[in-house]
Amino acid sequence: MTGASVLFDAPGPVARRRSLISSIIGAVLILAGLAWVALTLAAPKGNLPGYFDPSRWEPLAEPLVWQRIITVGIWGTLSAALTAAVLAIILGIIFSLLRSAQTWWIRVPTAVVLEFLRGMPVLLMMLFILLVLSTGTFWAVVAALALYNGALIGEALRAGLASLPRGQREAGLSLGMRPMQSKMLVEFPQAFRQMLPIIIAQLVVLLKDTSLGYIVGYVELLRVTMNQLATFYGNYYLFSFFVVALVLYLIMNLSLSWFARWVSRRTASKTGGPALNPDDEDQALLQAKAIADAQQSRDQRGRGGI
C-alpha cells in the first residue's frame, strides 16, 4: 500500500475517466459564464457604447486622477488599516493575557467584553463611535476595526497559549520565574509565533473592512473612486472607476495574503526543525533557563549602570 492511498482507495480507470469528464464540463461552464459576462458588458446600452469602449476609460489617462486615487484613496485606506492593525495587535495581546488570567474576576468580565465585541457588527461600532463619541471619521473607523479585530486576535493568541504543553510553564516556574514573567518570556513568544499566520490572515480582513468607512464618510479608496471621481466625471465612467477600485483592492489584499502564506511556511519550517520540540520538557527547561539567564544578565548590567 502506497502513502498516497493510505486513507482511501486509489481511483480506478472508470473513476478517473468520470473525474476528467466532470472537470472538462466544469471548465467549459466557467468559460461560458465568463464569455457571457464579457459579451454582456461589451454590448451597447441603448444609445451608449459598451463598457469596454475606449471612451469610457478616458479619465484614467489623466495624471491628476491617479494622483487623487493614490495620495488620497490608497493612502486613506492604508493609513487606517496600518493604525488599526497596530492597535488591534496590542489589544489582542492585552485581551489574551486577561482572558487567560487565573483569577475569575478578571477572566470572566474579559470574556463578556470579547463576546460583545465579536458579536457587534463593525459598521454599527463605527457609527456608535462617530455619533456618540464624536471622534471624527478616521478614528471612528480605526477604533472600530481595532476593537473588533483585537478581540479576534486575542482569542487566537489565547488559543496559542492553551495549546502549549504544560512543560513550558513548569520549566519557567522551576527556575524561579513568577507566573506572569514565565508567561511573557517563555510561553507568549512561542504562542505568538505559532499564531502569526492566523493574525496576518485576520489583518487581511481588517484591510478589506476599511471600505466600511465609506458609509461613515471616511475618505478612502472606495469613496474616492466610486463617489468623488464618479460624481465629478459622471455615471458614464462609473464602471471604469469600479474596475480600478477592484483591481487596487485585489493587489493590496493578495499581497498581504501572499505575505501570510510566506510567514506560514517560514513558521512551519522553524517549528518543524530541530530547534525545539514542544513535547520535550528537557528542551523546554533549557529554553526557559536561557531566557532566565538573559533576563538576569540584563538586570545585573542595569544595576551596574546605576
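Residues numbered from 1 in each chain as written. Predicted model: local features only at pLDDT ≥ 70, side-chain atom pairs only at ≥ 80, totals over all residues. Heavy atoms only, no water.

Visitor: What is the right way to look at the overall build of the protein in this model?
Guide: Helix and strand counts for the protein come out as 12 helices and 0 strands. What you see in the protein, going N to C, is helices and strands ordered as α-α-α-α-α-α-α-α-α-α-α-α. With 306 residues in all, the protein has 34% of them scored as buried. For the protein, the proportion of contacts with a sequence separation of at least 24, taken over those separated by at least 6, is 72%. (Helix = DSSP H or I, 4+ residues; strand = E, 2+ residues; numbered from the N terminus. Buried < 20%, exposed > 50% of the residue type's maximum accessible area, 1.4 Å probe, protein only. Contact = heavy atoms within 4.5 Å.)

Visitor: What should I look at first to understand the packing of helix α4 (residues 122-133) against helix α5 (residues 137-163) in this one?
Guide: Relative orientation and spacing of two packed helices are given, respectively, by the angle between their axes and the distance between those axes. Following both chains from N to C, one finds α4 and α5 inclined at 135 degrees, their axes separated by 8 Å at the closest point. As summarised for this structure, α4 and α5 are arranged oblique, according to the angle between their axes. α4 and α5 meet at a crossing whose hand is right-handed. Contacts from Val122, Met125, Met126, Ile129 and Leu130 of α4 reach α5 at Thr137, Trp139, Ala140, Val141, Ala143, Ala144, Leu145, Leu147 and Tyr148. Grouping the constituent residues of the contact of α4 with α5 by class yields 13 nonpolar, 1 polar and no charged. (Axes fitted to C-alpha atoms, helices over the stretch in contact; angles between N-to-C directions. Parallel < 35°, antiparallel > 145°, perpendicular 65-115°, else oblique. Left-handed = near helix turned anticlockwise from the far one by under 90°. Nonpolar A, V, L, I, M, F, W, Y, C, P; charged D, E, K, R; others polar.)

Visitor: Any chance you could explain the confidence of the model for the protein here in plain terms?
Guide: It should be kept in mind that the predicted coordinates are not to be read in detail where pLDDT is low. Counting all residues, the mean pLDDT for the protein is 83, and 84% of those residues have values of 70 or more. The least confident element of the protein, judged by mean pLDDT, is helix α12 (residues 281-305) at 55; the most confident is helix α2 (residues 63-99) at 93. Across residues 273-283, confidence stays below pLDDT 50; counting only partners more than four residues off in sequence or on other chains, it has 11 contacts. (pLDDT = per-residue confidence, 0-100.)

Visitor: Is there a simple way to explain unusual backbone geometry in this structure?
Guide: Excluding glycine, residues mostly carry a negative phi; peptide bonds, for their part, are mostly trans. One non-glycine residue, serine 134, lies in positive phi territory at about 55 degrees. Mapping serine 134 onto the fold places it in the loop between α4 and α5. Taking relative accessible area as the criterion, serine 134 reaches 57% and is therefore assigned exposed.

Visitor: Even after reading the chapter, I still don't get the side chain of serine 96, so can you show me in this structure?
Guide: Positionally, serine 96 belongs in helix α2. Apart from residues lying up to four places away in sequence, serine 96 is in contact with Gly154, Leu157, Arg158, Leu161 and Phe188.

Visitor: What should I look at first to understand a nonpolar patch on the surface in this one?
Guide: Nonpolar side chains collect at one region of the surface, where Val86, Leu87, Ile90, Ile94, Leu98 and Trp139 lie side by side and expose about 510 Å² of accessible area between them. Sorting elements by how many residues they give to the nonpolar patch places α2 first, with 5 residues. The exposure class of isoleucine 94 is partly exposed, given its relative accessible area of 40%. (Patch = residues over 30% accessible without salt bridge, like charges linked within 9 Å, V, L, I, M, F, W, Y side chains within 5 Å. Areas by Shrake-Rupley, 256 points an atom, 1.4 Å probe, with all protein chains shown as cover. Salt bridge = Lys/Arg side-chain N within 4 Å of Asp/Glu carboxyl O.)

Visitor: What should I look at first to understand helix α7 (residues 179-194) in this one?
Guide: At glutamate 187, α7 shows its largest kink, close to 45 degrees, and the proline proline 189 lies no more than four residues downstream. Taken together, the buried positions of α7 are occupied by Ser182, Lys183, Val186, Glu187, Phe188, Gln190 and Ala191. (Bend = angle between axes of the 7 residues up to and from the residue.)

Visitor: Before we go on, may I ask you to explain the packing of aromatic side chains in this structure?
Guide: How two aromatic rings sit relative to each other is set out by the distance from centre to centre and by the angle between their planes. Applying the stated criterion across every chain, the model contains 11 aromatic pairs. Taken together, a centroid distance of 5.1 Å and an interplanar angle of 80 degrees make the contact between phenylalanine 138 and tryptophan 139 edge-to-face. Classification of tryptophan 139 by relative accessible area gives partly exposed; the value is 46%. Ring centres of tyrosine 233 and tyrosine 237 lie 6.3 Å apart, and the angle between their planes is 85 degrees; this geometry places the pair in the edge-to-face category. The partly exposed category is assigned to tyrosine 233, whose relative accessible area is 22%. The class for tyrosine 237 is buried, based on a relative accessible area of 14%. Just above the ring of tyrosine 236 sits the side chain of arginine 56; from NZ or CZ to the centre is 4.4 Å. (Phe/Tyr/Trp six-rings, centres within 6.5 Å; stacked < 30°, edge-to-face > 60°. Lys NZ or Arg CZ within 6 Å of the ring centre and 35° of its normal.)

Visitor: Would you mind showing me how to read the packing of α2 against helix α3 (residues 104-119) here?
Guide: For the pair α2 and α3, interaxial distance at closest approach is 8 Å and the crossing angle is 135 degrees. With respect to α3, the axis of α2 lies oblique. Contact residues: Phe95, Leu98 and Arg99 in α2; Ile106, Arg107, Thr110, Ala111, Leu114 and Leu117 in α3. Here the contact of α2 with α3 is composed, by residue class, of 6 nonpolar, 1 polar and 2 charged.

Visitor: Sorry, what's going on with the environment of threonine 40 here?
Guide: Position of threonine 40 relative to the elements: it lies in helix α1 (residues 13-42). Threonine 40 sits in the partly exposed class, given a relative accessible area of 33%.

Visitor: How should I be thinking about the pattern of salt bridges in this particular structure?
Guide: Side chains that differ in sign of charge can pair as their charged atoms come close. Scanning all chains against the criterion turns up 4 salt bridges. Between arginine 118 and glutamate 155 there is a salt bridge, and its shortest N-O distance comes to 3.6 Å. Placement of arginine 118 in helix α3 and of glutamate 155 in helix α5 is noted, with a sequence separation of 37 residues between them. Of the charged contacts, one joins arginine 158 and glutamate 155 as a salt bridge, the two residues approaching to 3.3 Å between their closest N and O atoms. Of this pair, arginine 158 and glutamate 155 both sit in helix α5, 3 residues apart, which is roughly one turn of the helix. Owing to a relative accessible area of 27%, arginine 158 belongs among the partly exposed residues under this scheme.

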